[in-house]
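# Structural description and commentary
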Amino acid sequence: MTTSPVVLVGGGPGAWDLITVRGMRALQAAEVILADHLGPIGELEKLCDPSGKEVIDVSKLPYKRQTSQEKINELLISNARAGKKVVRLKGGDPYVFGRGFEELQALSEAGIACEVIPGVTSAISVPGVAGVPITQRGMVHAFTVVSGHLPPGHPRSLVDWRALAQSGATISVIMGVKNAGPIAQALSEGGLAPSTPAAIIQEGTMAGQRVFRTTLDQLGPTVEAERIAPPAVFVIGEVAGLSA
């Protein structure tokens, strides 16, 4: 039996119509779709006819239900070997903290080809939709995208928060809701002024989008007071204080 390539699709930042045209066409051709909760799976019928397709929920919910990466890899390989057209639908871009390359490696080791269709990452697009530019001429010429899923000082953290504080770059933090306070404290201790503008965007591009403008020293208290929940993006830097 011929094995079709698995297609790894970035679903974009949330809204169903922010997936790429190529990603939509891959969904239309799929027989099996393995979907994350941040992919536009809730409105799949707007992108393709789901009848006759097997849709498998492999969500990794923050601090809640988790589908192991090993199980996801197993499902990708077994369905591809069964001769089915498989799409792995992920939120954002597969290679921006999406573990997409791990899945490509697993498929490669199993002798299965993989096509990658990039997606729009929330780290940049969500602030843009909320009116926050990541860069601005004459103000900042660099930005850094950071995963906040581990707090500063955690033994497995690979982030140098002190260096970020002194970089002069805009800092876009994803997966950082739980650690907003410690992240702000680490940046402040690293030399970033407590008055540095910050923006919080919850459920960006979605109907429930909420935007809060604050400062670095109030990032943690604002997240707590407003009961911010994932998914959310934090932008820290002078651009977060801009308005049209």
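Residues numbered from 1 in each chain as written. Predicted model: local features only at pLDDT ≥ 70, side-chain atom pairs only at ≥ 80, totals over all residues. Heavy atoms only, no water.

As annotated in an unreviewed UniProt entry, the chain is uroporphyrinogen-III C-methyltransferase from Corynebacterium endometrii. Among the UniProt annotations of the chain, the heading Sequence similarities (unreviewed entry) holds the following wording: "Belongs to the precorrin methyltransferase family." (UniProt positions renumbered as here; feature names shortened; annotations may be inferred.)

## Digging into the nonpolar core
Counting 23 residues, the largest nonpolar core has L187, L219, F234 and I236 as the members making the most contacts within it. Within the residue set of this core, elements represented by two or more residues are α5 (161-165), β7 (170-174), α6 (180-189), β8 (197-202), α7 (219-225) and β10 (232-236). It is α6 that provides the largest number of residues to this core, a total of 5 residues. Non-local contacts of F234, meaning those with residues more than four positions away in its chain, are made with I171, S172, V173, G176, V177, A180, A199, I200, L219 and V223. Of all hydrophobic cores here, the second largest spans 14 residues; its members include V7, I19, A35 and L89. (Core = buried A, V, L, I, M, F, W, Y, C linked by side-chain atoms within 4.5 Å. Buried < 20%, exposed > 50% of the residue type's maximum accessible area, 1.4 Å probe, protein only. Helix = DSSP H or I, 4+ residues; strand = E, 2+ residues; numbered from the N terminus. Contact = heavy atoms within 4.5 Å.)

## What to know about the packing of aromatic side chains
In the structure shown here, the tally under the stated rule is 1 aromatic pair. Ring centres 6.0 Å apart and planes at 80 degrees place the aromatic pair Y95 and F101 in the edge-to-face group. On the basis of relative accessibility, which here comes to 42%, the residue Y95 falls in the partly exposed class. Judged by its relative accessible area of 45%, F101 is partly exposed. (Phe/Tyr/Trp six-rings, centres within 6.5 Å; stacked < 30°, edge-to-face > 60°.)

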